[in-house]
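Secondary and tertiary structure notes
Residues per chain are reported as follows:
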Amino acid sequence: MLEIKELVVNYGEAQALRGVSLQVGEGSTVSLIGSNGSGKSTLVNSLLGMQPISGGSIVLDGEEITFRPATARPELGIALVPEGRRIFKDLSVRDNLLIGLHHPAVRRRSDVSLAAIYEMFPILGQRSRQVAGTMSGGEQQMVALGRALISKPRLLVLDEPSLGLAPIVVAEVFETLRRVTEAGVTVLLAEQNMRKALELSDHGYVLVDGRVALDGSGEDLLASEEIGRAYLGEA
């Protein structure tokens, strides 16, 4: 479904991505894992058309989209749950969700209703009129996820969904993501919580200094002694 080939991104004279290649198959969940500054968010921003690309290509379903503008990505069926959630805190839950349908092409394509989102996230239905900024961090993350899912994305991209959340809320967020992946949504997940990400994933890519240092199935990477020592804090 998605193929990124030899992607290069520069910030001035510094290289943020150094020839990154990866694949995401339809219906699969793929993780980008690595420490802060490894290049995860740069790759996400490049995929969403929000970061200029110096080299390489991005291909979606056989169509090269490398230089398509960011405004065209929703039309392609790519939806983002951004780092920090970026919901509209002064608007209601309902209005935040409906923002996911603002693009005309998305409205034409999507047949996902508010009722379907409320069925997936009952708390959002119960609090549909509540001002989103008064909700907990975990509930706000559900709003951001619901906003993306109402667009019926072909590819759901999440950038650090557990960032800044308490451990009990992180567990709740990943359980929510598990329900989403079990529903067959194709997911690309950039995440510092490597254990949680790999437990959820069919395949994972480990980024180090803007390069893919290692990749494999989520199960194999979790079992890897190298990953355990370097990233999971295991002796």
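Anyway, here's the lowdown on the structure attached to this text. (Residues numbered from 1 in each chain as written. Predicted model: local features only at pLDDT ≥ 70, side-chain atom pairs only at ≥ 80, totals over all residues. Heavy atoms only, no water.)

1. Describing helix α1 (residues 40-47)
Most of α1 sits out of view: 6 of its 8 residues are buried. Of the residues making up α1, those classed as buried are Lys40, Thr42, Leu43, Val44, Ser46 and Leu47. Backbone geometry just after α1 places glycine 49 at a positive phi near 80 degrees. (Buried < 20%, exposed > 50% of the residue type's maximum accessible area, 1.4 Å probe, protein only. Helix = DSSP H or I, 4+ residues; strand = E, 2+ residues; numbered from the N terminus.)

2. As for unusual backbone geometry
Despite not being glycine, aspartate 61 has its phi angle at roughly 50 degrees, a positive value. Judged by its relative accessible area of 44%, aspartate 61 falls in the partly exposed class. Residues other than glycine seldom take positive phi values, yet aspartate 209 does so here, at roughly 50 degrees. Inspection of the secondary structure puts aspartate 209 in the loop between β9 (203-208) and β10 (211-217).

3. Some thoughts on the sheet that holds strand β6 (residues 78-81)
With respect to topology, 6 strands assemble into an open sheet ordered β6-β7-β8-β3-β9-β10, the strand pairing being mixed. In this open sheet, the two strands that pair with only one neighbour each are β6 and β10. The mean angle between the axes of side-by-side strands here comes to 15 degrees, regardless of whether they run parallel or antiparallel. As paired elements, β9 and β10 share 6 bridges and run antiparallel to each other. Along β10, the bridge assignment pairs valine 206 with leucine 214. (Pairing = 2+ DSSP bridges. Axes fitted to C-alpha atoms, helices over the stretch in contact; angles between N-to-C directions.)

4. What to know about empty space enclosed by the protein
What the rule picks out here adds up to 1 cavity of 30 Å³ or more. Size it by volume and the largest cavity reaches roughly 50 Å³. Surrounding the largest cavity, Val81, Gly138, Gln141, Met142, Leu145, Leu158, Pro161, Val173, Thr176 and Leu177 form its lining. Residue assignment for the lining of the largest cavity shows that the elements contributing at least two residues are α7 (137-149) and α8 (167-182). No other element matches the 4 residues that α7 contributes to the lining of the largest cavity. A breakdown of the residues in the lining of the largest cavity according to their chemical character gives 7 nonpolar, 3 polar and no charged. (1 Å grid on protein atoms, 1.4 Å probe; cavity = no way out; pocket = protein on both sides within 12 Å on 5 of 7 lines; lining within 4 Å. Points joined across faces, edges and corners; volume = space filled by probe spheres on them. Nonpolar A, V, L, I, M, F, W, Y, C, P; charged D, E, K, R; others polar.)

5. A short note on the pairing of strand β8 (residues 187-191)
Taken across its 5 residues, β8 has 5 buried, putting it largely inside the fold. Burial along β8 is two-sided: Val187, Leu189 and Glu191 and Leu188 and Ala190, pointing in opposite directions, are all buried. In terms of strand pairing, strand β3 (residues 29-33) meets β8 through 5 bridges, oriented parallel. Considered in β8, the bridge of isoleucine 33 is made with glutamate 191. Of the pairings in the sheet, the one linking strand β7 (residues 155-159) to β8 comprises 4 bridges and is parallel in character. Counterpart to leucine 158 in the pairing with β8 is leucine 189. Remark: the β7/α8/β8 crossover connection has right-handed handedness. (Right-handed = clockwise from strand over helix to strand, strands pointing away.)

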